[in-house]
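Observations on the three-dimensional arrangement
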Amino acid sequence: MIKVIGVRFRTAGKIYFFDPLTFDIKRGDHVIVETARGIEFGTVVGDIREVEEDKVIQPLKPVLRIATERDVQQEANNKEKEKEAYKVCLEKIRKHGLEMKLIDAEYTFDNNKVLFYFTADGRIDFRELVKDLAAVFKTRIELRQIGVRDETKIMGGIGICGRPLCCHTHLSDFIPVSIKMAKEQNLSLNPTKISGVCGRLMCCLKHEEETYEELNKALPNVGDYVNTEDGLKGEVQSVNVLRQLVKVVVENGDEKEIKEYPVSSLSFKKRGFRKEKIELSAEELRALELMEKQDRQESEEKNEKPQRLERSERSERHERGERTERGERYERGERQERPERKERRERGNRPERGDRREKNMNVDSQPKRESQPKLEHQPKTDGQLKAEGQGKPHYRRRYNNDKRDRQREQNGKPKSE
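In this report, we go over the structure that sits alongside the text.

1. Description of the overall build of the chain
- On a plain count of helices and strands, the chain comes out with 13 helices and 13 strands.
- Taken across its 417 residues, the chain has 28% of its residues classed as buried.
- Summarising the internal contacts of the chain: among those between residues at least 6 apart in sequence, 56% fall at separations of at least 24.
- Carbon and sulfur atoms make up 46% of the accessible area of the chain, which amounts to about 30300 Å² in all.

2. Description of unusual backbone geometry
- The amide bond that connects Q58 to the next residue, P59, takes the cis arrangement and shows omega of -5°.
- Within the secondary structure, P59 sits in the loop between strand 5 (49-51) and strand 6 (63-66).
- Not every positive phi belongs to a glycine, and N111 is a case in point at roughly 60°.
- Position of N111 relative to the elements: it lies in the loop between strand 7 (101-107) and strand 8 (113-119).
- Since its relative accessible area comes to 27%, N111 is described here as partly exposed.
- Although it is not a glycine, N186 adopts a positive phi angle of roughly 60°.
- Mapped onto the secondary structure, N186 falls in the loop between helix 5 (179-184) and helix 6 (191-194).
- Here N186 falls in the partly exposed class, since its relative accessible area comes to 44%.

3. A short note on the pattern of salt bridges
- For the structure shown, the criterion picks out 11 salt bridges.
- The shortest N-O distance in the salt bridge between R65 and D71 comes to 3.1 Å.
- Taken together, the salt bridges that share partners define one network made up of R10, R37, E40, D104 and E106.

4. A few points about helix 7 (residues 209-216)
- Within the span of helix 7, buried status applies to E209, Y212 and N216. Here the buried residues of helix 7 occupy an arc of 65° about the axis, which is enough to place them on one side. When the buried face of helix 7 is taken as reference, the exposed residues oriented beyond 90 degrees from it are E210 and E214.

5. Brief notes about the packing of helix 1 (residues 69-96) against helix 2 (residues 127-137)
- Look at helix 1 against helix 2: their axes get within 10 Å of each other, and the N-to-C directions meet at 145°. Judged by the sense of rotation from one axis to the other, the crossing of helix 1 with helix 2 is right-handed. Across from A85, V88, C89, K92, I93, K95 and H96 in helix 1, the residues of helix 2 making contact are E128, L129, D132, L133, V136 and F137.
- Looking at the contact of helix 1 with helix 2 residue by residue, the classes come out as 8 nonpolar, 1 polar and 4 charged.

Reading the values: rules and limits
- Residues numbered from 1 in each chain as written.
- Predicted model: local features only at pLDDT ≥ 70, side-chain atom pairs only at ≥ 80, totals over all residues.
- Heavy atoms only, no water.
- Helix = DSSP H or I, 4+ residues; strand = E, 2+ residues; numbered from the N terminus.
- Buried < 20%, exposed > 50% of the residue type's maximum accessible area, 1.4 Å probe, protein only.
- Contact = heavy atoms within 4.5 Å.
- Areas by Shrake-Rupley, 256 points an atom, 1.4 Å probe, with all protein chains shown as cover.
- Salt bridge = Lys/Arg side-chain N within 4 Å of Asp/Glu carboxyl O.
- Arc of directions from axis to C-beta.
- Axes fitted to C-alpha atoms, helices over the stretch in contact; angles between N-to-C directions.
- Left-handed = near helix turned anticlockwise from the far one by under 90°.
- Nonpolar A, V, L, I, M, F, W, Y, C, P; charged D, E, K, R; others polar.

Structural data, given as structure tokens:
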């Protein structure tokens, strides 16, 4: 177990863990911490508590200090500067004629970087825009493209229920939502009724999903036949999930009558899920499938974003001349431990020793080429020549003369003197 505190950097933002060290930190305090973006000003959302080490991303960064009045004043000044930065960026976007919608501007606490959030239908070439913004603000500029759900989370608004949006008030992460959840809750599958302000399926469909699944297990399906406590048998016409009531069409003599019974007074074969035939037009079905597809794409892009950010951070460190951990180890002369031979063999898909031995045996069993005949006059080695008091140049000259004499003998000519 390890002691941590949860820190949040914006309203309904994600909660990050930090090491409180010896500070007496309470819920609602403001702290100064170091993140991947630099020095940040955050709000503590809980008291110091212990969590398992598996739930903490290592290394756990410590809290630098509890925010002072000066830090709070600087954060307020940054908020004012963000409004001016937003206006300047908006003018530059109009000047360059870029098809992008600016959502928000954000300063880091130490003013080391300015972040601009925007939405666009496709990829935008904003290199010239970044140059202009860097010339104005004299600091690092980062433009980050976000999705429509993130846009709604930042902007906020009022939902069809009349309350502030869930994503803007209390949802830290977006939860995957599917059409099955609307079917389980017996809602209309009209896209205009089950989609939120962002145009995607409403996040609140997930809130009561587990409750509806549990309640539906105790109810019969519409169209099933049940036996009542009156000794009658009838067909289920409709069900009330929350009140656990069932309307049954029963035969009373020659007439049919609709009666309502609590589910506890009925006997039927229980099923784990409800099956209903829902008729949808082709346009409604396409609209629902499109919303699900867009939600999946946004979730995939969000999972890939940390990897892209990590690559960009590495490139920024390289531009600033900062050495990576691997480079520092190399300079200190520390070698990284190599994996075991078995692991390296598996990684390289190399054959086992037995297979290689068989391969070598097969090579040995092949017929060998005939070796060339040995020369009658073998050249002397350097050691022999040295023992005779002869040097290396003389050995080379004598060897060449012997070779020339052998060639002349083969051609039928006399030896050279």
